[in-house]
Structures are given as structure tokens and as C-alpha cells.
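A structural walkthrough
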Amino acid sequence: MQAITVENLSKTFRVKRKEKGMRGSIKAILHPQTEEIRAVNGVSFSVDEGEMLAFIGPNGAGKSTTIKMLTGILYPDGGRVEVLGIDPMKKRKQLAYRIGTVFGQKEQLWTHLTPYDNFRFFGAIYDLSERETEERIAELSERFELNAFIDTPVRNLSLGQRIRCEIVASLIHKPKVLFLDEPTIGLDPVVKENVRELIKQMNREEHTTIFLTSHDVGDIEKLCRRIIIVNDGQIVLDDSVERLKSHYQDKMAADVYARSQESGMAEKYEEAPNISLEEILVDIYRSEEDG
Amino acid sequence: MGKYGDKSVSMNIKGVRFRPWRKYAVIYRSVLMENLQYAANIAMGFFSYFVFIFIFIKLWGYMYRTPGELIAGYTKEQMIWYVMMTEMMFFGSNAASVAGEVARDIRSGNIAYLMNKPYHYTLYILSRYTGEWSIRLPMYALLAVVIGTVMVGPLPHFRLTAVPAMAVCVVLGLTIHAVFKLCISLFSFWIEDATPFQWLYDKLILVVGVMFPVEIFPKALQPLLKMTPIYTVCYGPAKLIVDFSPEKCLEILAAQILYLTVGCVLMSLIYRKGVRKLYVNGG
Ligand SMILES: Nc1ncnc2c1ncn2[C@@H]1O[C@H](COP(=O)(O)OP(=O)(O)O)[C@@H](O)[C@H]1O
Ligand SMILES: [Mg+2]
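Here goes a summary of the coordinates provided.

The rules behind the values
Residues numbered from 1 in each chain as written. Chains lettered and ligands numbered in written order. Predicted model: local features only at pLDDT ≥ 70, side-chain atom pairs only at ≥ 80, totals over all residues. Heavy atoms only, no water. Near = heavy atom within 4 Å. Polar contact = N/O pair within 3.5 Å; in protein donor to acceptor, adjacent residues only side chain to side chain. Areas by Shrake-Rupley, 256 points an atom, 1.4 Å probe, with all protein chains shown as cover. Pairing = 2+ DSSP bridges. Helix = DSSP H or I, 4+ residues; strand = E, 2+ residues; numbered from the N terminus. Axes fitted to C-alpha atoms, helices over the stretch in contact; angles between N-to-C directions. Contact = heavy atoms within 4.5 Å. Buried area = accessible area lost by both parts, 1.4 Å probe. Salt bridge = Lys/Arg side-chain N within 4 Å of Asp/Glu carboxyl O. Core = buried A, V, L, I, M, F, W, Y, C linked by side-chain atoms within 4.5 Å. Buried < 20%, exposed > 50% of the residue type's maximum accessible area, 1.4 Å probe, protein only. Phe/Tyr/Trp six-rings, centres within 6.5 Å; stacked < 30°, edge-to-face > 60°. 1 Å grid on protein atoms, 1.4 Å probe; cavity = no way out; pocket = protein on both sides within 12 Å on 5 of 7 lines; lining within 4 Å. Points joined across faces, edges and corners; volume = space filled by probe spheres on them. Nonpolar A, V, L, I, M, F, W, Y, C, P; charged D, E, K, R; others polar.

Here's the deal with the site of ligand 1
All names here are of chain A. If you check the shell around ligand 1, you find 15 residues, and the closest are Gly60, Gly62, Lys63, Ser64 and Thr65. The backbone of Gly60 places a nitrogen or oxygen atom 2.7 Å from an oxygen atom of ligand 1. Backbone polar atom of Gly62 to an oxygen atom of ligand 1: 3.0 Å apart, as the coordinates give it. Computed on the free molecule, ligand 1 has an accessible area of 560 Å², of which 72% lies beneath the protein chains in the complex.

Here it is, written out as C-alpha cells:
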């Protein structure tokens, strides 16, 4: 079964434009000029239930805009979206009960309350009974190792502790799909690793579909088998990490071989470099810019 | 209220599967917990309240020359208690959530993330607001009673049995006030900054309803003033406290229910239009 289906999804923002200086400001009042930004431009893909997908791309590629349309925060102006068989545009509230969202740069927790009180709050919001909420909190705080600080107000937590709580809060109602928009942003390597492990565990144990955006190559390598790379609102690649790597490995090898042939240094041929995913991504982004 | 402190609440809730209002009760309770930590901060406002009331005690002490004199139908005690009650409502309900917070949520785009939860944003805000005044208002009420008994003297003909009816009118008044302020805040969907409108509304209420009862103003203006929200938001409830009668109570309640209904309809209309714009333009 498919958890997410997206067909030809598009979103264009209209933003005001103003020329430089005072003259521009006055001109903007008299003749307001707008500019269109195609944030998402004809994107199609689907995600299977229980799959972990990394949705990556440079800043401004349209990742967050896509997540917003998938979760019903933003209306697309073209195309079709279905999440768990629900159209987010038409039944946003109904969908909200079945998905979880974590935005690395947005706080959903109430900072003056403790994580425990926050979780109780979210439990009630999602219509869980008191007992269900308690059981779920016990289970998740065990798994995410929150017990040391579950009674400390959120404002006094470290970023790493807070993001773990954010994720738990988004999992209280056992969502079928979890959307994470740059969840590891600003975390130190150890916490990053920890968060990844937890996401992986949720996927494994509760069969939660994971849709993740990130800049962090580590997130992708450690978590996801499949990646979609977007740039300028369009998909430039949709493949498994493994195939992408081996494809690049071959390409590099071929390049090196070709170059060594040209320069007549055939002995270098053997040393096809072991290319990292990071380098591959940089290469893809660069070639997109050139094209 | 910690992990084990609220057993009674949990037992009430247990067993009932579907209660759509429960989530708003929990929002309310969460704000209560949040704000209880800051009760000391709230008490800092006591000083301004005291200064304000002190000025009015002096002012009216000067205006009333003979004991038992009436101005606009009010005795001196009634006049001072009137301003103490309206100020109690004003200080006790400091509507930070309905005014600043909503405008900020809209401008920063944060509202999109709040709307994405299975509750209604406007009810969420109103629950928060209620949680806030539930702590502040009783604190100011206590202060008002202390200042009133010590410095002004008791109200003539005050009946303790009427207090519940008065409380209902005060609570409705605060809620209507919040709904109107929320409506103004929702303009932030279209305009850069709604604070000038908030300011205008606040000043209208303050000058015409809080500081002086409507009877002080020229006769010709009075019917007009009674049609504005002022009547239901502060003049009505405060007048009821200083000069209670069952007929007046019913009249005010009827007006309040009308205003609340109209306000809520207006609020949801503005909200729905605004949300549609948000969905198109993004946060
Ligand atoms: N609400 C908005 N109004 C106007 N432009 C926007 C809005 N949101 C995003 N954009 C633009 O759309 C593009 C994609 O943004 P976004 O989806 O946030 O990128 P990403 O998350 O991949 O960094 C960017 O050029 C951004 O400036
Ligand atoms: Mg983004």
C-alpha cells in the first residue's frame, strides 16, 4: 500500500518586488510589482507504507513547501496529493489525527511546561484517553530515555533533549506517517546519531512511514534507503542510495579512466577514488546550476 | 499539579470516550499550570492598579462635597467601586494571548503549525485566554475587595447572594472582550500591523466604559454608547455589581448573549477568510 502519492504537484508564490532605495519604495506604491516564485514545480512521487524516504536538496529547493502541502498547511495550486488515502486539502483535521510532524526550526512544545505535561496535553488534543496517554508516555519516554528530564520545564532543556521531546510529542497518537523537516539541524554529532537511531527504531517497531528532509548527508546515509533530490522545485533524482553510489562510483571510474587514457598514465586507472555521498550531492547540485 | 497531583481529573476523564470539549479543558489546564509559576509576576501589576484606584479615590473625594450626594445617579462609594470593578476586569484579563500572540502567530507564520493540530485555533486561543484570567482575575478581585473595604467603605445594598449572577456577567463580559480583540487581531491576515486598531478599541473601552460610567456622558450620547460593546464588556457588569437588580441582570445577560453570538459569527467569518488566504500565500 502507498502511504503518500503525489502527482504533478506545483506551488507558485507571488512576492512583492521593490527596486532599490527610496525611489523604488515610492514606485512600489504606485505600480506594485510582483514576482512569481515557483517553489514546487510538477513534482511526482510515491512512498510505500513503512518506507523511509529522504527528501533532500539545497536551500530554497522547495522541500519545506512540499512538506507543508503534504500535511495540509499549504494549498497546492496544481496537482494531486494523497496521504493515507486522504486529501490534505479537503480533510486536514482528519489527516492530522493520523500523521505526526516535526519541524526542526519550529517549537511545538509549550516551553513553560514540563515534557510530561506537554505529552498529556498532546494526548488530549488527539483524543487519547487518560490511560492510553499514560501508557504511551511511559513507553516512549523509556524508549527515548527521557526519564531524567521529563519533569523539567522545556525551557530548561538542551536542544538535543528538546528535539527528542518534540519527536515524542509528535508520536503520542501513533501516527502512521511521520514528517520531519530538518530534525537534526543544529544538533551535535552524538545527539544526531541518537535521534537517527530513534527514528529508525520507530520505523522498525511501529512500521511508521518516515518522510524526512535534510541537508545532512549523515541523516540520509544512516536512515534512508531511498532518496529524492529536488532542486528549483523539481525532482532531479529519485533512486536508492546504494544505486546512486555505485552509479557514481562507475562514473568516476570511467572519468578517471578516460582522463588517464588521454594523459597516457594508465597506471592511475586502478585508483578510482572512493567517493562519498556528500561529494556526490555537491556534484549533482553543481551540475544543476550549470545546466 | 505534577504527575500524581491530579488524580481526580484523570478519574473524571477516564471511561468517557468522546468529549470534544475535553481538549479545550486541557488547554485551559495547561495554561493554568504555566501561569501559576508566575503568580508573583502577576502581583507586580498590583502597584499600578493601586495607583490608578488611589487617583480616582482622590478625584471623586474632591468632586463629592456632601455625604450622600449623587453624581449621575451614583453615590461616591458606588462611583469608586465602579471604577475598581472595571479596572479589576481590565487588569485581571490582560489579553496578551488574544491580542499580541495572535497577531504574532499570524505574522510569523506560526499559526499554520498551530492550525495543523486537531483543534480550532480560535477556541485554542480563547481557552488560553480563559486560563490566563482564571489566575489573574481572582487575585485582582481580592485586592479590590481589600482596597475597597479599607479605603472606600462597603457598597450600600450589596447582597452576597447576587455574587454568582454578577460573576457570570463578568465572565461573559471578559469573553466578549476577548472575541472582539481576537477579531481585530485576525485583521493581521491582511494588514501588516493591527495594533493601531487594538489601541483604538482599548481606548474607547477605557475612556467610555472603564473610567466613567455611561451616565456621566451627555444624555444624547448614552443610547449610542449602550449599543457599543462597552455595555456588555465593562459598563454592564460593573454597574450590576454596584447597583444590583434582577431585571438589570437579565437585561445585561440578554445583551451579552446577543453580543457573544454576533462576535463569534464575525470571528469565524474573518478567520475562515484569513485562513484561505494563508493557505494560498503561505506563512
Ligand atoms: N510563504 C512564502 N512566500 C513566498 N515565497 C516563499 C514562501 N515560502 C517559501 N517561499 C520560497 O519558495 C522557495 C522554496 O522554499 P522552501 O520550500 O522553504 O525551501 P527549502 O525548504 O527546500 O529550503 C524559496 O525560494 C522560498 O523563498
Ligand atoms: Mg526548509
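Regarding the sheet that holds strand β6 (residues 177-181) of chain A
All names here are of chain A. In spatial order, the strands read β5-β6-β7-β3-β8-β9; together these six strands make up an open sheet with mixed pairing. Two strands close off the open sheet at either side, each with one partner strand: β5 (99-103) and β9 (234-240). For this sheet, the mean angle separating the axes of adjacent strands, direction not counted, is 15°. Sheet topology note: the strand β8 (residues 226-231)/β9 ladder contains six bridges and is antiparallel. Residue pairing in the sheet places Ile228 in a bridge with Asp238 of β9. The sheet contacts of helix α9 (residues 241-263) involve β8 and β9, and relative to β9 the element is tilted by about 95°.

Concerning the interface of chain B and chain A
Opposite the 36 residues of chain B that make contact, chain A presents 35 residues. A combined buried area of about 3400 Å² lies between chain B and chain A, and 55% of that area is made up of carbon and sulfur atoms. For chain B, the biggest contributors to the area lost against chain A are Tyr113(B), Asn116(B) and Tyr279(B); these three give 22% of the whole. Joining chain B to chain A, the criterion identifies two salt bridges.

Some remarks on the nonpolar core
Within the largest apolar cluster, 176 residues are counted, with the highest numbers of intra-cluster contacts made by Ile4(A), Phe45(A), Val83(A), Phe211(A) and Tyr49(B). Counting residues per element, this core draws most heavily on helix α8 (residues 121-152) of chain B, which supplies 13 residues. In this structure, Val83(A) is in contact with Ala3(A), Ile4(A), Leu70(A), Pro88(A), Leu95(A), Ile99(A), Val177(A) and Phe179(A), ignoring residues within four places of it in sequence.

Thoughts on the packing of aromatic side chains
All names here are of chain B. Following the criterion strictly, the structure yields 28 aromatic pairs over all chains and no others. Look at Tyr49 and Phe91: their rings are 5.4 Å apart centre to centre, the planes differ by 85°, and that puts the pair in the edge-to-face class. Here Tyr49 is found in helix α4 (residues 46-63), whereas its partner Phe91 is found in helix α5 (residues 76-92), with 42 residues between them in sequence. Tyr49 sits in the buried class, given a relative accessible area of 0%. With a centroid separation of 6.0 Å and an interplanar angle of 25°, the aromatic rings of Phe50 and Phe54 are classed as stacked.

Some words on the layout of surface pockets
Space left empty within the atom packing is revealed by a probe, the size of a water molecule, rolled over the atoms. Looking at the largest pocket, its volume works out to about 810 Å³. Of all elements in the fold, only α4 (115-125) of chain A together with α2 (22-36), α3 (39-44), α6 (97-108), α7 (111-115) and α8 of chain B reach the threshold of two or more residues within the lining of the largest pocket. Class assignment for the residues of the lining of the largest pocket results in twelve nonpolar, eight polar and ten charged.

Thoughts on the sheet that holds strand β4 (residues 78-83) of chain A
All names here are of chain A. Taken in spatial order, the three strands line up as β2-β1-β4 in an open sheet, and their pairing is antiparallel. The open sheet is flanked by β2 (33-48) and β4, the only strands paired with a single partner. Neighbouring strand axes in the sheet, compared pairwise and without regard to direction, differ in orientation by 25° on average. Pairing analysis gives 13 bridges linking strand β1 (residues 2-17) to β2, with the strands arranged antiparallel. Residue pairing in the sheet places Ser10 in a bridge with Asn41 of β2. Running at roughly 120° to β1, helix α2 (residues 63-70) makes contact with β1, β2 and β4 of the sheet.

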